[in-house]
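These are the residues of each chain, in order.
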Amino acid sequence: MPSNLIRKTGYDPQTRTLFVWLQTTANRYEYDNVPPETYEEFLQAFSKGRFFNRYIRDRYKYRVVPPGQ
């Protein structure tokens, strides 16, 4: 289902880094140490935005990467 909050996601299982692009910004958010199980649950969630807000945002250390970097 399309999300009003999440534009795109990606995941690197070797570094356990979750990449999230929001609809409201061109920045990429990189969340550290996200377990692969959490990413799988995120992909399967009916509401990606609700899952993100409840289980990822403010629970994992992250950094903001501006476009082009």
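Description of the structure in this document.

Basis of the calculations
Residues numbered from 1 in each chain as written. Predicted model: local features only at pLDDT ≥ 70, side-chain atom pairs only at ≥ 80, totals over all residues. Heavy atoms only, no water. Helix = DSSP H or I, 4+ residues; strand = E, 2+ residues; numbered from the N terminus. Rg over C-alpha atoms; globule rule 2.2 N^0.38 Å. Buried < 20%, exposed > 50% of the residue type's maximum accessible area, 1.4 Å probe, protein only. Contact = heavy atoms within 4.5 Å. Salt bridge = Lys/Arg side-chain N within 4 Å of Asp/Glu carboxyl O. Phe/Tyr/Trp six-rings, centres within 6.5 Å; stacked < 30°, edge-to-face > 60°.

1. What to know about the overall build of the chain
Each helix and strand counted, the chain has two helices and four strands in total. Traced from its N-terminal end to its C-terminal end, the chain shows the element sequence β-β-β-α-α-β. By the compact-globule yardstick of 11 Å for 69 residues, the chain fits well, its C-alpha radius of gyration being 11 Å. A buried classification covers 42% of the 69 residues belonging to the chain. Long-range contacts, defined as pairs at least 24 residues apart, comprise 44% of the intrachain contacts of the chain with a sequence gap of at least 6.

2. A few points about the pattern of salt bridges
Applying the stated rule across the entire model yields three salt bridges. Across the pair Arg63 and Glu30 runs a salt bridge, and its minimum N-O distance is 3.0 Å. Taken together, the residues Arg63 in strand β4 (residues 62-65) and Glu30 in strand β3 (residues 28-31) connect sequence positions 33 residues apart. Relative accessible area serves as the criterion here: at 9%, Glu30 is assigned to the buried category. Salt-bridge contacts for Asp32 lead to Arg63; the nearest nitrogen and oxygen are separated by 2.9 Å.

3. Remarks on the packing of aromatic side chains
Under the defined criterion, the tally for this structure stands at seven aromatic pairs. With a centroid separation of 4.8 Å and an interplanar angle of 40°, the aromatic rings of Phe51 and Tyr55 are classed as tilted. Placement of both Phe51 and Tyr55 in helix α2 (residues 48-56) is noted, with a separation of four residues, approximately one turn of the helix. Taken together, Tyr29, Tyr31, Phe42, Phe51, Phe52, Tyr55 and Tyr62 form an aromatic cluster joined through their ring pairs.

4. Here we look at unusual backbone geometry
As a rule of thumb, non-glycine residues mostly have phi less than zero, and peptide bonds are mostly trans rather than cis. Positive phi values are uncommon outside glycine, yet Arg16 reaches one of about 60°. Relative to the helices and strands, Arg16 is located in the loop between β1 (6-12) and β2 (17-22). A positive phi is found at Asn33, a non-glycine position, where the angle reads about 60°. On the secondary structure map, Asn33 appears in the loop between β3 and α1 (36-44). Given the relative accessible area of 53%, Asn33 is considered exposed.

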